[in-house]
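Read off the chains here:
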Amino acid sequence: MSGRILIIDAAATNRIVLRVKMLAAHFAVDACATAKEAKALISQTRPDLILINLCDASENRYDFCRQLRKSAETATVAIIAVGGADTATARFAALDAGADDILALPINDTLLLARIRSLLRVRSTREELALRESTSCALGFDEKAAPFAPAARVALLTDQTGDNLPLCRKLQAGLRQDIPQRAPASVLADTGAEQAPDLFVIDACGKEQGTLFGLVSDLRARVETRWAAQLIVVPKDAHEVAAMFLDLGADDVVPADCCEGELKLRARALIQRKLGQDKLRDTVRSGLQAAITDPLTGLYNRRYAEPHLARMAEQAVATRQPFAVMMIDIDYFKAVNDTYGHPAGDAVLCQLSTHLRANLRAIDLVARMGGEEFLIAMPGTTKTQARLAADRLRHLIDGSVLAHAEDGSPISVTISVGVAVSAPCATDNPAIGKICTSADKALFRAKSSGRNQVAMSKSAA
């Protein structure tokens, strides 16, 4: 298993034992005794995860842990505190200092390795989010981080009933919101009518742990719930059970004897991580949308149009129906910019785009190919239908006011249209380049013949 681990412990024996265990699990390992040595190692080879003994009396390791969390270089590095007492107070102190988890001595090897695997799984997402945020800052799109949202959706899955369950009371007091209780079996029966919670807190202290193992896997596999965080409450000292839940996809486990503060810190950390991942996915979707969309008109651009035409051609072969391609050019558009200015020209482009979209079918593609040139692709369209549609659009634009000059005078333009139609009942995939070239040649004839005209390609593709 890949990953670099840094062990920080003043006791040489502890370092040796942990090093041997990590090497046996095929990790790259560095080890040191002090925070100063750790800083030097981190600057040389940044680790993916740190195992740190917070209970070393020679220095304040809690402050060092906080420094690691605040530093941009180590903010996404996973931290597991090892050693110390196995008490709610000790666990809360470690989590409050920035550790992702705390494992008391003697460390259960199965749980330790499961926890490491779990934390390394989420680290790549954290790093990608941090990278994208830094890129946004560099591009001037920096947004202030949103504070913890108390209205995050949280659901408690438990077979116990009653309005005064200790676990529910802890959650509601820590998160300061009502926590709905649901039977675990009811979750998988949902049809997705309601939005999935941001966090599932699953009570695994009952007798049906085997069933809950399957529930954790199913929640992670389903589209509606795969991104929801999972916090599993397990019996105290149930290390093997906790490890199993982590390996099945749970995000965190917490012993049933945890205090309200520990439960709050773990739940809030998972919610913030989940919301951060949502933000990352939104960023990816927005970036993809921006990559295929013309920023001025909102139409698709050439990058989107070309593969879309290829898919349309494949569908034409499958359905044995033709499709049409129109190339549209605004007549004398340079004169609009020269006479009225580029803002007026932009307004003309935007209004023309609106007219085109409003007067075509939803299935038709409208794209801005560059400058004042537009492409329209119409599946299932014959030559006669394409000619009628092109004439209709030409007449529509010819009689429309698309913008106004600074003095209020109306600005109108005309368009020239070239049309090409694929051969019906094609047995081979129509050549997209040939169809577009045919439409371009027809557009050239329309402009050469006096503009404000529709010209049909003389040959089908």
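In this text the structure is predicted, and so the values were computed from the model without any measurement.

Draft legend 1. Spatial organisation of the overall build of the chain. In terms of helices and strands, the chain carries 15 helices and 17 strands. Sequence-distant contacts in the chain: of pairs separated by 6 or more residues, those separated by 24 or more amount to 69%. When the accessible surface of the chain is summed, it comes to about 22400 Å², and 54% of that surface belongs to carbon and sulfur atoms.

Draft legend 2. How the structure looks around the sheet that holds strand β5 (residues 101–103). Reading across the sheet, the 5 strands line up as β2-β1-β3-β4-β5 and stay open at both edges, with parallel pairing between neighbours. Edge strands, defined here as strands with exactly one partner in the open sheet, are β2 (28–32) and β5. Neighbour-to-neighbour, the strand axes of the sheet open up by a mean angle of 20°, direction not taken into account. Two strands pair when backbone bridges link them, and strand β1 (residues 4–8) and strand β3 (residues 49–53) are joined in this way by 4 bridges, in the parallel orientation.

Draft legend 3. Quick look at the nonpolar core. Formed by 41 residues in total, the largest nonpolar core has its most connected members in Leu51 and Phe245. Broken down by element, the residue count for this core peaks at 6 residues, all from helix α5 (residues 109–138). The residues contacting Phe245, other than those within four sequence positions of it, are Ala204, Gln209, Leu212, Phe213, Val216, Ile232, Val234, Ala250 and Val253. Counting 33 residues, the second largest nonpolar core, distinct from the first, contains Phe333, Ala344, Ala390 and Leu402.

Draft legend 4. Main features of the sheet that holds strand β6 (residues 154–157). Strand order in this open sheet of 5 strands is β7-β6-β8-β9-β10, and the pairing throughout is parallel. Taken across any chain shown, the strands that pair with only one partner, and hence form the sheet edges, are β7 (181–182) and β10 (252–255). Where strand β8 (residues 199–203) meets strand β9 (residues 229–234), 5 bridges bridge the pair, whose relative direction is parallel. Within β9, the residue paired with Leu199 across the bridge is Ala229. Against the sheet, helix α6 (residues 166–175) engages β6, β7, β8 and β9, with an angle of about 170° to β6.

Draft legend 5. Representation of helix α11 (residues 302–319). The first and last C-alpha atoms of α11 sit 25 Å apart over 18 residues, in line with the 26 Å expected at 1.5 Å per residue. Sitting at the head of α11, Asn301 places a side-chain oxygen 3.2 Å from the backbone nitrogen of Arg303. Once α11 finishes, Arg320 follows within two positions and takes phi at roughly 55°, a positive value.

What counts and what doesn't
- Residue indices follow the written sequence of each chain, beginning from 1 at its first position.
- This being a predicted model, a pLDDT of at least 70 is required before a residue's local features are given, and a value of 80 or more before pairs of side-chain atoms are given or counted; all residues contribute to the totals for chains, interfaces and linings.
- The side-chain quantities take in all heavy atoms of the structure and omit both hydrogens and water.
- A run of H or I in DSSP becomes a helix once it reaches four residues, and a run of E becomes a strand once it reaches two; helices and strands are each numbered from the N terminus.
- In what follows, residue pairs with any heavy atoms lying within 4.5 Å of each other are defined as contacts.
- Each accessible area is a Shrake-Rupley estimate made with a 1.4 Å probe; only the visible protein chains count as cover when residues are assessed.
- Two strands pair if DSSP finds at least two bridges between them.
- Axis definition: a line fitted to C-alpha atoms, over the contacting stretch in the case of helices. Angles run 0 to 180 degrees between N-to-C directions.
- Definition of nonpolar core: a set of buried residues of the types Ala, Val, Leu, Ile, Met, Phe, Trp, Tyr and Cys, connected through side-chain atoms within 4.5 Å.
- Remark: exposure states derive from per-residue accessible area (1.4 Å probe, protein chains only) relative to the maximum for the residue type, with buried under 20%, exposed over 50%, and partly exposed in between.
- Multiplying one less than the number of residues by 1.5 Å gives the expected span of a helix.
- Throughout this description, a polar contact denotes any pair of N or O atoms lying within 3.5 Å of each other; where both atoms belong to protein, one of them has to be capable of donating a hydrogen while the other can accept it, and for residues adjacent in sequence the pair is counted only when both atoms sit in side chains.

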